[in-house]
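Working through the structure, step by step
The chain contents come next:
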Amino acid sequence: MSSAVTKDHAELAEIFNRDEPRVDWHDETLWWVRAKRDIAAQKLPEWELLRETASQIKNNVLSNLSEYLTQFEANAIKNGIIVHWAADAAEHNQIIHKLLSDRGIDRMVKSKSMLTEECHLNEYLIERGVDVIDSDLGERIVQLAGEPPSHIVLPCIHKKKEEIGDIFHEHLGSAKGESDPKILTETARQHLREVFLTRRSALTGVNFAVAETGEFVICTNEGNADMGAHLAEIHIASMGIEKIIPERKHLGVFLRLLTRSATGQPITTYSSHFSKPQAGKEIHIVIVDNGRSIQLGRKDFRNSLKCIRCGACMNTCPVYRKSGGHSYHTAVAGPIGSILAPNLDMKKYADLPFASTLCGSCSNVCPVKIDIHDQLYKWRQVIVQEGYSPKAKTLAMKGMAFTLSSPGLYRAAGKMGRFTFKYAPFAVNNGMNPWYKHREMPKAPEESFGEWYKKREGEKR
Amino acid sequence: MSREKILAAVKANQFTSAELPDLNVLASLTATDANLVEKYTAIASAGGSFVYEVADLEAIKTILQKEFKPGVQVISGVAGLTDYTDAASVVHELSHSFANVELTILQSNLGVAENGALWLTEEQMHIRVLPFIAQHLAIVIDKNNFVPTMAQAYEKIGDARYGYGAFISGPSKTADIEQSLVIGAHGPRSLSVFIIT
């Protein structure tokens, strides 16, 4: 999202919540995906060992990352792949633009890469006259709608088929009012086939990069990464430094976890292993840091770099399901996005660790056992300490601390509250009170526990 | 140079070394010889593949004759299936020239029962784009070439060298529109698997 965001998660969620039937639909759809994940996981008796093993492999990766990166680079170069390094988003975008402009290429087809979303590559290239077309169906839909993806695995999960029909009618010439997913998918297939056949450059993400062999693996169901990469003269793959795994055999752990966690499928349709370029063609890899090495140094948060981008934490999150991906105003939404984003910009994303009930469901479904809800809680503390917490919340907390530290004040406040609930409920049961928005205020008791206890003691005597 | 800067920053922030876990437990837990073809067939079928058990290559030809109209472009990379354009004879052609291929037939020597995936390297594909660009894909595999899970699959692959390889587990598909499954996204609209018994 390139536009300057002034609204925080709560405000954006409020916009999403205006349409209640849509919220229910969004909630139910994602819960259904979560339920499919459970069925797939429960089919494997060794599931928990698989998660633990994956987590330990990633632990080893993070503790030897510089060595593995060097090893991966050396082996990739041996395979004939050209390796580039980008310290930040700006350098990543410059490298890719230069690769294209040096070859006189002004059109590119791209498969899913959340890293390029994080770097705002599309906007950068389009501003410089390069036409970029996203080829994943969901990404193409949101691209045509002028929106960012709202989910890392299901980019247009927030859109109804009728809306997609309207978008396709406007941009791809499908019949007006057509909303059959089969017909819409066929329309996209025809449109994108022409794109695949005419683009000289293709960009893909990377799911796993194997240090031992210098190969990298891309997982898709649609086959769009392969159609783009095999038909283009130059294939550029963007990867974050944390995508490394030590050995090829470790793919046998991660590929078993990835899609079962994501959608409940046993594996994606295609798990493509790129090792060498085709004769006469080029493969380039751009290895990107963009804040990851800083996160690696944050003891409490480094585990977030284990993430394999399955999206399970989003599907299970009660806040994500009811607030929508766009309310997180960052490329990676949901619980994992909320612990990744503050590392990039603590001020801009200070609201995100608070967009959680800390229920812990995210940590329970995470295939690499990231302690997501613990990290959300820890980020809150860091954000408050660094002075980035939301103003209203800081004031309320200070007021509360002041009241709670004085017994007299506490008793007076309690009395006042009970009086208000009893005689003037309208003073709190209104839109001015944020707590009331989605809740009824409680019925006030006649007296406080303290008052009752005192009275009882008096009666005894 | 960003390379040195990144590697130095990563090195400075790496924490104490953690050991790699042992994968043997997972491999032995999942090892089984029981009914791999049966399990593969059930899972691949659920994933949208058409699975046939056939006695020989002749039986495959008979089925393909029924399924595909005469005159459509068919490319075969399978030794012995010679009634079609031989993939080896077109390796030097531009990948784009296969845009109108109706059916590609390829060999796989490794199938995975737990997820319906078949492993093919560039050697069996002949041309990387062939299993993707065709409207339909057929893969031939011997019944003895199945393993239970990905753990055993990567044991079999070992340290083999290839320029490109892929696990293919079904027809190309998407559920991006309201989570309703549509077969035939950008790649083949169908996958037929012929298991030679």
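Here, residues in each chain are numbered from 1, in the same order as that chain's written sequence. Ligands are numbered from 1 and chains lettered from A, in the order in which they are written. Reporting of local features is limited, given that this is a predicted model, to residues whose pLDDT is at least 70; pairs of side-chain atoms are given and counted only at 80 or more, and all residues count toward the totals for whole chains, interfaces and linings.

1. Some thoughts on the overall build of chain B
Strands are runs of DSSP state E lasting at least 2 residues, helices are runs of H or I lasting at least 4, and numbering of each runs from the N terminus. Within chain B one finds seven helices and twelve strands. With the C-alpha coordinates aligned to their principal axes, the bounding extent of chain B is approximately 65 × 45 × 40 Å. Sorting the 197 residues of chain B into buried and exposed places 47% on the buried side. For chain B, the proportion of contacts with a sequence separation of at least 24, taken over those separated by at least 6, is 75%. To assign burial, the other C-beta atoms lying within 10 Å of each residue's own C-beta are counted, with C-beta atoms placed from the backbone; 20 or more indicates buried, 12 or fewer indicates exposed, and intermediate counts indicate partly exposed. Throughout, a residue-residue contact means that the two C-beta atoms, derived from backbone geometry, are no farther apart than 7 Å.

2. A word on the overall build of chain A
The secondary structure content of chain A amounts to 21 helices and ten strands. Along the longest, intermediate and shortest principal axes, the C-alpha atoms of chain A span 95 × 55 × 45 Å. Counting over 461 residues, chain A shows a buried share of 50%. A separation of at least 24 residues holds for 72% of the contacts in chain A among residues at least 6 apart in sequence.

3. A closer look at the sheet that holds strand β7 (residues 136-142) of chain B
Residues and elements named next belong to chain B. One open sheet holds the six strands; their spatial order is β1-β12-β7-β4-β2-β3, and the pairing between them is parallel. A strand with exactly one partner marks an edge of an open sheet, and here the two such strands are β1 (50-54) and β3 (85-86). In this scheme, strands are said to pair when DSSP sees at least two bridges between them. Relative to β3, strand β2 (residues 74-76) runs parallel, the two sharing two bridges. In the strand pairing of β3, I75 is matched with T85.

4. Quick look at the UniProt feature "domain: LUD" (unreviewed entry) in chain B
As annotated by UniProt and renumbered to match this structure, "domain: LUD" (unreviewed entry) occupies residues 87-196 of chain B. Helix makes up 15% of residues 87-196 of chain B and strand 35%, with an end-to-end C-alpha separation of 21 Å. UniProt positions are given in the numbering used here, feature names are shortened, and annotations may be inferred rather than shown by experiment.

5. Examining the pairing of β7 of chain B
Residues and elements named next belong to chain B. When you tally the buried positions in β7, you get six out of seven residues, the bulk of the element. With five bridges connecting them, strand β4 (residues 103-107) and β7 associate as parallel partners. The residue of β7 that forms the bridge with L106 is I139. Relative to strand β12 (residues 190-196), β7 is paired through seven bridges, and the arrangement is parallel. Bridge assignment links I141 to a residue of β12, and that residue is I195.

6. Side note on the sheet that holds strand β6 (residues 216-220) of chain A
Read from one edge of the open sheet, eight strands run β8(A)-β5(A)-β6(A)-β9(A)-β9(B)-β6(B)-β5(B)-β8(B), paired in mixed fashion. Of all strands in the sheet, those with a lone pairing partner are β8 (244-245) of chain A together with β8 (146-147) of chain B, marking the two edges.

7. Brief notes about the interface of chain B and chain A
One frequent convention defines the size of an interface as the accessible area lost when the parts assemble. Listed by partner, the interface residues are 61 residues for chain B and 69 residues for chain A. Each residue receives one of three labels: charged for Asp, Glu, Lys and Arg, nonpolar for Ala, Val, Leu, Ile, Met, Phe, Trp, Tyr, Cys and Pro, and polar for the others, Gly being one of them. Split by residue class, the side of chain B that touches chain A holds 30 nonpolar, 22 polar and nine charged. Pairing of strand β9 (residues 270-274) of chain A with strand β9 (residues 164-168) of chain B involves five bridges; the strand directions are antiparallel. Bridge pairing in β9 of chain B links H273 of chain A to G165 of chain B.

8. Let's talk about the environment of I95 of chain A
Residue and element names in this part refer to chain A. Structurally, I95 can be placed in helix α5 (residues 89-102). For the pair I95 and L69, spaced 26 residues apart in the sequence, the C-alpha separation amounts to 19 Å. Contact partners of I95, with chain neighbours within four places excluded, come to H84, A86 and V286.

9. Structural notes on helix α1 (residues 2-13) of chain B
All names here are of chain B. With twelve residues, α1 should cover 16 Å at 1.5 Å per step; its first-to-last C-alpha distance of 16 Å lies within 8% of that length. Along α1, the residues classified as buried are I6, L7 and V10. Projected down its long axis, α1 carries its buried residues within an arc of 95°, all on one side. Projecting away from the buried face of α1 at angles above 90 degrees are the exposed residues E4, A8 and A12. The length a helix should cover is 1.5 Å for every residue beyond the first. Arc definition: it is the arc formed by the directions from the helix axis to the C-beta atoms.

10. A few points about the pairing of strand β3 (residues 131-134) of chain A
Residue and element names in this part refer to chain A. Where burial is concerned, the two faces of β3 differ: the one with V132 and D134 is buried and the one with D131 and I133 is not. Note that strand β2 (residues 107-110) and β3 share four bridges and pair parallel. By the bridge assignment, V109 is partnered in β3 with I133.

11. As for helix α8 (residues 137-145) of chain A
Where burial is concerned, most of α8 of chain A is hidden: seven out of the nine residues are buried. Considered for burial, the residues of α8 of chain A that qualify are L137, G138, E139, R140, I141, V142 and Q143 of chain A. Against the buried residues of α8 of chain A lie β3, α9 (161-172) and α10 (181-198) of chain A together with β10 (173-174) of chain B. Remark: G146 of chain A follows α8 of chain A within two positions and exhibits a positive phi of approximately 70°.

12. Here we look at the confidence of the model for chain B
A residue-level look at chain B finds 100% of positions with pLDDT of 70 or above and a mean pLDDT of 96. For this predicted complex, the interface confidence score (ipTM) comes to 0.98, while the overall pTM stands at 0.92. Summary of the metric used: pLDDT quantifies the predictor's per-residue confidence within the range 0 to 100.

13. Description of the domain arrangement of chain A
All names here are of chain A. For every domain, the bounds stem from an assignment made automatically or drawn from a database. Taken domain by domain, chain A comprises domain 1 (8-43 + 311-389), domain 2 (58-294) and domain 3 (406-460). Between the C-alpha centres of domain 1 and domain 2 the distance comes to 23 Å. The interface of domain 1 with domain 2 comprises 23 residues on the first partner and 20 residues on the second. Counting residues per element, the side of domain 1 that touches domain 2 draws most heavily on helix α2 (residues 20-42), which supplies nine residues.

14. Comments concerning the environment of M346 of chain A
Residue and element names in this part refer to chain A. Tracing the sequence through the fold places M346 in the loop between α16 (334-344) and α17 (361-365). Residue classification places M346 among the partly exposed positions, given that 16 C-beta atoms sit within 10 Å. For the pair M346 and G387, spaced 41 residues apart in sequence, the C-alpha separation works out to 9.9 Å. What M346 contacts, discounting residues up to four positions off in sequence, is I383, E386 and Y388.

15. Digging into the packing of helix α4 (residues 65-78) of chain A against α1 of chain B
Only the stretch in contact is used when a helix axis is fitted, and all axes are lines through C-alpha atoms; the angle between N-to-C directions ranges over 0 to 180 degrees. Interhelical geometry of α4 of chain A versus α1 of chain B gives an angle of 145° and a closest axis separation of 8 Å. Together, L65, S66, L69 and T70 of chain A of α4 of chain A and L7, V10 and K11 of chain B of α1 of chain B make up the contact between the two elements. The residue inventory of the contact of α4 of chain A with α1 of chain B, partitioned by class, reads four nonpolar, two polar and one charged.

16. Focus on the packing of helix α12 (residues 251-262) of chain A against helix α7 (residues 150-157) of chain B
Running from N to C, α12 of chain A and α7 of chain B cross one another at 145°; their axes reach a closest spacing of 8 Å. Of the two possible hands of crossing, α12 of chain A and α7 of chain B adopt the one that is right-handed. Contacts between α12 of chain A and α7 of chain B involve L251, G252, L255 and R256 of chain A from the former and M150, A151, A153 and Y154 of chain B from the latter. Looking at the contact of α12 of chain A with α7 of chain B residue by residue, the class counts come to six nonpolar, one polar and one charged. For any helix crossing, the convention is left-handed if the near helix is rotated counterclockwise from the far helix by under a right angle, and right-handed if that rotation is clockwise.

17. Some thoughts on the environment of Y423 of chain A
Structurally, Y423 of chain A is set in helix α20 (residues 407-423). Along the chain, Y423 of chain A and K182 of chain A lie 241 residues apart, while their C-alpha atoms are 60 Å from each other.

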